[in-house]
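Examination of the molecular architecture
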Amino acid sequence: MKAKYDIVVIGSGLGGLSCAYILGKFGYRVCVLEKHFQIGGNLQTFERKGCKFDTGMHYVGSLGPGEVLHRFFNYLGLLSKVDVKKLDEDAFDVININGRKYNYAMGYEKFVAGLINDFPDEAEAIKTYASKIKELGENSDIYNLREVDLMDLTNINYYGISTSDYIASLTENIDLRSVLAALNPLHAGEEAITPLYVHALVNHFFITSAWRLTKGADQISEALAESIKEMGGDVFTRAEVVKFHFNDLLMSAVETKAGDIFEAESFISNMHPSLTMDFIPDDKIRKSYKNRMNNLRNTISSFTVYLVLKKNQVRYQNKNFYYYKTNKVWGVNNYNAGDWPQGLMIYFTSDAANPDFAESATIITYMKYDEVKQWENTSIGNRGKLYKDFKNLKKEQLLIRVAEIFPELNDAIEYSYSASPLTYRDYTGTREGSMYGVMRDCTRPIESYISPRTKIPNLFLTGQSINLHGITGVLCGALITCGTFVEINEIIREIDKCYPAEFKVTNNELAD
Ligand SMILES: Cc1cc2nc3c(=O)[nH]c(=O)nc-3n(C[C@H](O)[C@H](O)[C@H](O)COP(=O)(O)OP(=O)(O)OC[C@H]3O[C@@H](n4cnc5c(N)ncnc54)[C@H](O)[C@@H]3O)c2cc1C
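Only a predicted model underlies this, so the values are computations on that prediction, with no experimental measurement involved.

**A short note on the sheet that holds strand S18 (residues 413-419)**
Pairing in this open sheet of seven strands is mixed, and the strands run S8-S7-S15-S16-S17-S14-S18 from one edge to the other. With one partner strand each, in any of the chains shown, strand S8 (100-104) and S18 form the two edges of the open sheet. Here the average twist between neighbouring strands, direction ignored, is 20°. Here strand S7 (residues 93-97) runs beside S8; their pairing, made up of five bridges, is antiparallel. Bridging across to S8, Val94 finds its partner in Asn103. Contacts between helix H11 (residues 385-402) and the sheet are confined to strand S14 (301-309), strand S16 (343-351), strand S17 (354-367) and S18, with S14 contributing the most and set at about 75° to the helix. Against the sheet, helix H12 (residues 421-428) contacts S14, S17 and S18, and its axis sits at roughly 95° relative to S14.

Here's what the structure looks like:
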């Protein structure tokens, strides 16, 4: 098969699909090639014993009317196609550190009041923290879908400040420092490394409002693919790109494993930047650029346990739980094999037949790729007995840890499954199963910024390693990538134009 398009997108993660959608809307003939049998990358879901599980999208922020994700969802035609539920406003995240519980409440006022209640002597530090997070979240034009000046340097200073240093500058209280840094797993935060800007954006999205995608994140990928096709584009699964073809210094086509050739004027890679480099022959690109992409440090991977629960045994709670064994919130990703896991996140889904009770639970913790490296040359379902034993042992260790906060789970498990860094690597195609792609590093702010333009003039990048990870980070990254084809402010104006007037609430009104 040989086909010709304006733009071929390699990979159907959120970044790839949203680029294809936006450019399709602007009249480009697009084609998305996905290597897996299911589209979506981290948006994929799977079913076991009638329960649907998400793989890499557990909750999303800022999806209330007027908020940034709501505007994106409206533009992408997702508002009526994706089922969502707001998490508990008084405690969308419950942080359990060293046996004590703290609530993250929605809305800055409630968030601040709740923490002051826990730390009455720290009111000043808490208020300063919250106003800085809010300021950074609201100052950014792109994250508020306001027209952007691409040279906007408003928040640049905060790329060079570490989250841990900033929090430490506010208070001597170690417990409060830990509570403020407790959503670290949402960006695989590292002490003295993670820029305050990254922490601020992610926390801001969720403090503004936090939501569960109740019927699974694949509703997003399915709806986007359907719209892309309606606009005349194509989306192919089982279409692994294995080769880039060149005509002199420009790309001319990509070739899939099946030998199909897809020609295009331009190409967008939704693969990790270093994986993209693997397809570019050395004589087409400067070695220093390739080396830079290949040497970027990635965020850590994860180990996840999925539980199908016995009926009517565990009460459903509409929130997420973060658990840290000690108040060393920053060290959890830098564990020794003997003290793993030092922290975890768990959430439940409710049973449709009896919503007061949980039907399933998902437990996520960090895992280093090194732990599974010995099986890296194996494929899904063929990794051998040692690997299965390893996974079972790790599952048991994680279940022992989770029983420290949910002892009732012990007798309530009907079935359990687990996913290792290799599972993530093989289902989502990320380098070493990295959770969020390239690590943002405040000590190397420029180096960890990746432009959507590559040194090949008609090859562009998108996805979580460009800009920021997570649903809003990837969507804003897609805007930046599409901004190399269509003037970015034209896209932003379109997003605004189609947004219903009744939803246009300002941030200030929301804060009231
Ligand atoms: C455990 C976990 C939990 C998370 N939880 C949340 C959350 O609660 N909220 C949130 O907002 N974010 C969350 N994230 C982050 C979020 O899922 C990601 O940032 C986002 O989905 C990444 O999108 P992407 O566009 O970079 O593509 P990816 O999801 O990385 O997809 C890339 C796609 O490219 C395909 N591909 C790769 N190579 C090829 C090839 N050669 N040919 C064709 N196709 C190829 C892959 O198969 C894949 O489908 C989580 C991530 C993880 C890992």
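**Concerning the environment of Met435**
Its place among the elements puts Met435 in the loop between H12 and strand S19 (459-461). Met435 gets classed as buried once you count the C-beta atoms within 10 Å, which come to 25. Here the alpha-carbon distance between Met435 and Ile280, two residues 155 residues apart in the chain, equals 25 Å. Look past the residues within four positions of Met435 in its chain and what remains in contact with it is Ala188, Thr299, Ile300, Ser301 and Ser302.

**Quick notes on the site of the ligand**
The environment of the ligand is formed by 37 residues, the closest being Gly11, Gly13, Gly15, Gly41 and Gly429. The set of elements that each furnish at least two residues to the shell around the ligand consists of helix H1 (14-25), H12 and helix H13 (470-482). For the shell around the ligand, the class distribution of residues is 15 nonpolar, 19 polar and three charged. When residues of the shell around the ligand are assigned to domains, at least three map to each of domain 1 (2-40 + 217-297 + 445-501) and domain 3 (300-435).

**Some details on the sheet that holds strand S9 (residues 210-213)**
Taking strand neighbours across the sheet as the criterion, the three strands line up as S5-S9-S6 in an open arrangement whose pairing is antiparallel. If you trace the sheet from one side to the other, it starts and ends with strand S5 (60-61) and strand S6 (84-86), each paired once. Bridge count for S5 against S9 is two bridges, and the pairing is antiparallel. Looking across to S9, one finds that Gly61 is bridged to Ala210.

**Regarding the pairing of strand S13 (residues 261-269)**
When strand S1 (residues 2-10) meets S13, the two strands line up parallel, connected through eight bridges. Paired with Tyr5 across the bridge in S13 is Ala264. Note: strand S12 (residues 250-256) against S13, three bridges, orientation antiparallel. Each residue of the ladder has a partner; that of Glu255, found in S13, is Ile261. Joining the antiparallel neighbours S12 and S13 is a turn of four residues, in which Gly259 adopts a positive phi near 95°. Summarising the sheet, S13 and S19 pair through three bridges and their orientation is parallel. Within S19, the residue paired with Phe267 across the bridge is Leu459.

**Digging into the packing of helix H3 (residues 108-118) against helix H4 (residues 123-139)**
Relative orientation of the contacting elements H3 and H4 amounts to 155°, with a least axis distance of 9 Å. Between H3 and H4, the angle is such that the two are roughly antiparallel. The way H3 lies across H4 gives a crossing that is right-handed. Each of Tyr108, Phe111, Val112, Leu115 and Ile116 in H3 lies in contact with H4, whose residues at this interface are Ala123, Ile126, Lys127, Ala130 and Lys134. Across the contact of H3 with H4, the residue classes break down as eight nonpolar, no polar and two charged.

What counts, and where the lines are drawn
Every chain is numbered on its own, with residues counted from 1 as its sequence reads. Selection of residues for local features in this predicted model requires a pLDDT of at least 70, selection of side-chain atom pairs for listing and counting requires 80 or more, and totals for whole chains, interfaces and linings are taken over all residues. Note: two strands are recorded as paired if DSSP finds a minimum of 2 bridges between them. Per the convention used, a helix needs a DSSP run of H or I reaching at least four residues, while a strand needs a run of E reaching at least two, with both numbered from the N terminus. Fitted lines through C-alpha atoms serve as axes, helices being fitted only where they are in contact, and the angles separating the N-to-C directions of these axes extend from 0 to 180 degrees. For the purpose of contact definition, each residue receives a C-beta atom placed from its backbone, and two residues are in contact when these atoms lie within 7 Å. Put simply, a residue is buried when 20 or more other C-beta atoms lie within 10 Å of its own C-beta and exposed when 12 or fewer do; between those, it is partly exposed, and each C-beta is set from the backbone. By definition, a residue lies near a molecule or strand when the C-beta atom built from its backbone is within 6 Å of it. Residue type decides the class: Asp, Glu, Lys and Arg count as charged, Ala, Val, Leu, Ile, Met, Phe, Trp, Tyr, Cys and Pro as nonpolar, and the leftover types, Gly among them, as polar. In this entry, domain limits derive from an automatic or database-based domain assignment. By the definition adopted for this analysis, an angle is roughly parallel if under 35 degrees, roughly antiparallel if over 145, roughly perpendicular if from 65 to 115, and oblique otherwise. If you view the pair so one helix is near and one far, a crossing is left-handed when the near helix is turned anticlockwise from the far one by less than a right angle, and right-handed when it is turned clockwise.

By themselves these figures say nothing about function.
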